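Results of the structural survey
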Amino acid sequence: MEEQIKNAMRFYLLATKLKYKIRSGWDKNHWNVNSERIESIAEHVYGTCILAISLDSEFQLNMDMEKVLKMLTIHEIGEVLIGDITPFDKITLEEKAEMEHKAMKDVIGDLLNKDELFDLLIEFDEHSTKESKFAYLCDKMEADIQAKVYQDMGCQHSLDDQAGNVVFKSPKIGKMIEDGAQTAFDIWYEWDKSKFDGEPVFVKTLSYVKKNNTNL
């Protein structure tokens, strides 16, 4: 039992360090959200789970929600070791995937069900099954919703007050602004909306978030 407890506690203590790691998208090098405390990675993970439960409740999506929630609960554990890498941080998708997969294995360690957990993480990354695609879209949608929450709280800077924001080095972002993006959320919306094509629940949810104030 001692070895099993050691393995369990190692995984728990490493994975829960996500409570203290900040989501990079909101930090001073990205959107520089004007708030005393910005979202941790663990809070994002919690948000993805709540979003999955909410959508499944209302739309009866007929999928293995236990699998979805397990996938979402562990989908960011590699960030314990490598941090939250955004698409604007000069790291290719291939490099990021290699770093994440190595970090995932390191955090999972010698748990008895390590193979199951790692396979779930790979399935999530590939989002080729019904459950993994749903989980992947919940992950993307949750970030978009949080961008709107910060917008509605008055924490997002205007687009002409973005000194030091590495996001603005992207030609794609520049084109969005040329095409009429007026707020930080507009950019998040335009960046991710194509990911939800063919998924009416997500398309309509994102549209609802765009049109409505999120401050309850």
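Up top you'll find the structure we're talking about.
Here goes a summary of the coordinates provided. Worth saying up front: this structure is predicted, and the values here are computed from it rather than measured.

1. Describing helix α5 (residues 93-108)
Think of an α-helix as 3.6 residues a turn; residues three or four steps apart then line up on the same face. The end-to-end C-alpha distance of α5 is 22 Å, a good match for the 22 Å that 16 residues give at a rise of 1.5 Å each. The secondary structure elements touched by the buried residues of α5 are α1 (2-15), α4 (79-82) and α6 (114-126).

2. Focus: the nonpolar core
With 57 residues, the main nonpolar core has Trp31, Val68, Leu72, Ile77, Ile108, Phe134 and Phe202 as its most contacted residues. Ranked by the residues each element gives to this core, the list is headed by helix α7 (residues 130-152), at nine residues. Sequence-distant contacts of Val68, that is, excluding residues within four places in its chain, are made with Ala52, Met63, Glu131, Phe134 and Ala135.

3. Some points on the environment of Lys211
By secondary structure assignment, the location of Lys211 is in helix α10 (residues 200-211). You can call Lys211 exposed: its relative accessible area is 69%. Taking the C-alpha atoms as reference, Lys211 lies 44 Å from Gly109; in sequence the two are 102 residues apart.

4. A closer look at a nonpolar patch on the surface
A surface patch of nonpolar side chains, about 570 Å² in accessible area, is lined by Met1, Ile5, Met9, Tyr12 and Leu13. Among the secondary structure elements, Met9 is positioned in helix α1.

5. Points about the environment of Lys6
Assignment of secondary structure puts Lys6 in helix α1. With relative accessibility at 56%, the residue Lys6 sits in the exposed group. Between the C-alpha atom of Lys6 and that of Asp110, which follows or precedes it by 104 residues, the distance is 9.7 Å.

6. Side note on the packing of α1 against α5
Between α1 and α5, the shortest axis-to-axis distance is 8 Å and the interhelical angle comes to 130 degrees. The orientation of α1 with respect to α5, classified from their angle, is oblique. Within the contact between the two elements, α1 uses Arg10, Phe11, Leu14 and Ala15 and α5 uses Asp106, Val107 and Ile108. Tallied by class, the residues present in the contact of α1 with α5 amount to five nonpolar, no polar and two charged.

7. Looking at the pattern of salt bridges
Between side chains of opposite charge, pairing is possible as soon as their charged atoms come close. Inspection of the entire model under this criterion finds 14 salt bridges. A salt bridge links Asp84 to Arg23; the nearest nitrogen and oxygen atoms lie 4.0 Å apart. One end of the pair, Asp84, is in the loop between α4 and α5; the other, Arg23, is in the loop between α1 and α2 (41-59), with 61 residues separating them in the sequence. Both residues of the pair, Asp84 and Arg23, belong to the buried class. Here Lys148 and Asp152 are joined by a salt bridge, their closest N and O atoms 2.9 Å apart. Separated by four residues within a single helix, Lys148 and Asp152 lie in helix α7, roughly one turn from each other. Assessed through its relative accessible area of 7%, Lys148 is described here as buried. Each of Arg23, Glu39, Glu76 and Asp84 takes part in a single network of salt bridges with overlapping partners.

Thresholds applied
- Residues numbered from 1 in each chain as written.
- Predicted model: local features only at pLDDT ≥ 70, side-chain atom pairs only at ≥ 80, totals over all residues.
- Heavy atoms only, no water.
- Helix = DSSP H or I, 4+ residues; strand = E, 2+ residues; numbered from the N terminus.
- Expected span 1.5 Å × (residues − 1).
- Contact = heavy atoms within 4.5 Å.
- Core = buried A, V, L, I, M, F, W, Y, C linked by side-chain atoms within 4.5 Å.
- Buried < 20%, exposed > 50% of the residue type's maximum accessible area, 1.4 Å probe, protein only.
- Patch = residues over 30% accessible without salt bridge, like charges linked within 9 Å, V, L, I, M, F, W, Y side chains within 5 Å.
- Areas by Shrake-Rupley, 256 points an atom, 1.4 Å probe, with all protein chains shown as cover.
- Salt bridge = Lys/Arg side-chain N within 4 Å of Asp/Glu carboxyl O.
- Axes fitted to C-alpha atoms, helices over the stretch in contact; angles between N-to-C directions.
- Parallel < 35°, antiparallel > 145°, perpendicular 65-115°, else oblique.
- Nonpolar A, V, L, I, M, F, W, Y, C, P; charged D, E, K, R; others polar.

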